[in-house]
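Okay, here's what each chain looks like letter by letter:
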Amino acid sequence: QVQLVESGGGLVQAGGSLRLSCAAFGRTFSSYAMGWTRQAPGKEREFVAAISRSGGSTYYPDSVKGRFTISRDNAKNTVYLQMNSLRPEDTAVYYCAASGSYYLPRALNHYDYWGQGTQVTVSS
């Protein structure tokens, strides 16, 4: 089992940047592919980014491609989400997630463990 703790959320103006962090505790971090998802008020949770165990492969949906970058530091048991050119529609609670079964998990049901979330608010 692994515990995930997100940090780095906050309030930012449109066009600005934020970097989210997710620290993992428990089983070997490098044995999990990692991802980020988000959920805006009144909307379903949405997949945002995924990274393979080694960090060599990443995947993004079109909604964030070119603006968001996922990375990981296996020595620090941490995964990051760098968010640039933020838009008001990026406002959501962002959740870190871990997958023990998939190489590059691209769907919500590919993930086994979830963090508690961190709020990101983008003002116009």
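Quick note: structure is the one above.
Treat the numbers as computed from the prediction; the structure is a model and nothing was measured.

## Things to note about the pattern of salt bridges
Per the stated rule, a full pass over the model turns up four salt bridges. Residue aspartate 90 is joined to arginine 38 by a salt bridge in which the shortest nitrogen-to-oxygen separation is 2.9 Å. Residue aspartate 90 is found in the loop between strand 8 (78–83) and strand 9 (92–99), and its partner arginine 38 is found in strand 4 (residues 33–39); the two are separated by 52 residues along the sequence. The exposure class assigned to arginine 38 is buried, which follows from its relative accessible area of 7%. Arginine 67 serves as the salt-bridge partner of aspartate 90, at 2.7 Å between the closest nitrogen and oxygen. Residue aspartate 90 is found in the loop between strand 8 and strand 9, and its partner arginine 67 is found in the loop between strand 6 (58–59) and strand 7 (68–73); the two are separated by 23 residues along the sequence. One exposure class covers both aspartate 90 and arginine 67, and it is buried.

## Remarks on the sheet that holds strand 7
If you walk across this open sheet you meet the four strands as 1-3-8-7, and the pairing is antiparallel. For this open sheet the edge positions go to strand 1 (2–7) and strand 7, each flanked by a neighbour on one side alone. Looking at each pair of strands side by side, their axes are set apart by 20° on average, direction ignored. For strand 7 and strand 8, the ladder comprises six bridges, and the chain directions are antiparallel. Following the sheet pairing, arginine 72 is matched in strand 8 by valine 79.

## Overview of the side chain of histidine 110
For histidine 110, the location among the structural elements is in the loop between strand 9 and strand 10 (113–114). On the basis of relative accessible area, histidine 110 is assigned to the buried category, the value being 17%. Looking at histidine 110, its side chain comes within polar contact range of the main-chain nitrogen of arginine 106, at 3.2 Å. Setting aside residues no more than four positions away along its own chain, histidine 110 makes contact with Ser99, Tyr102 and Pro105.

## Points about the environment of glycine 10
For glycine 10, the position within the fold is in strand 2 (residues 10–13). Glycine 10 gets classed as partly exposed once you look at its relative accessible area, which sits at 26%. Apart from the residues within four sequence positions on either side, glycine 10 is in contact with Leu18, Gln119, Val120 and Thr121.

Basis of the calculations
Residues numbered from 1 in each chain as written. Predicted model: local features only at pLDDT ≥ 70, side-chain atom pairs only at ≥ 80, totals over all residues. Heavy atoms only, no water. Salt bridge = Lys/Arg side-chain N within 4 Å of Asp/Glu carboxyl O. Helix = DSSP H or I, 4+ residues; strand = E, 2+ residues; numbered from the N terminus. Buried < 20%, exposed > 50% of the residue type's maximum accessible area, 1.4 Å probe, protein only. Pairing = 2+ DSSP bridges. Axes fitted to C-alpha atoms, helices over the stretch in contact; angles between N-to-C directions. Polar contact = N/O pair within 3.5 Å; in protein donor to acceptor, adjacent residues only side chain to side chain. Contact = heavy atoms within 4.5 Å.

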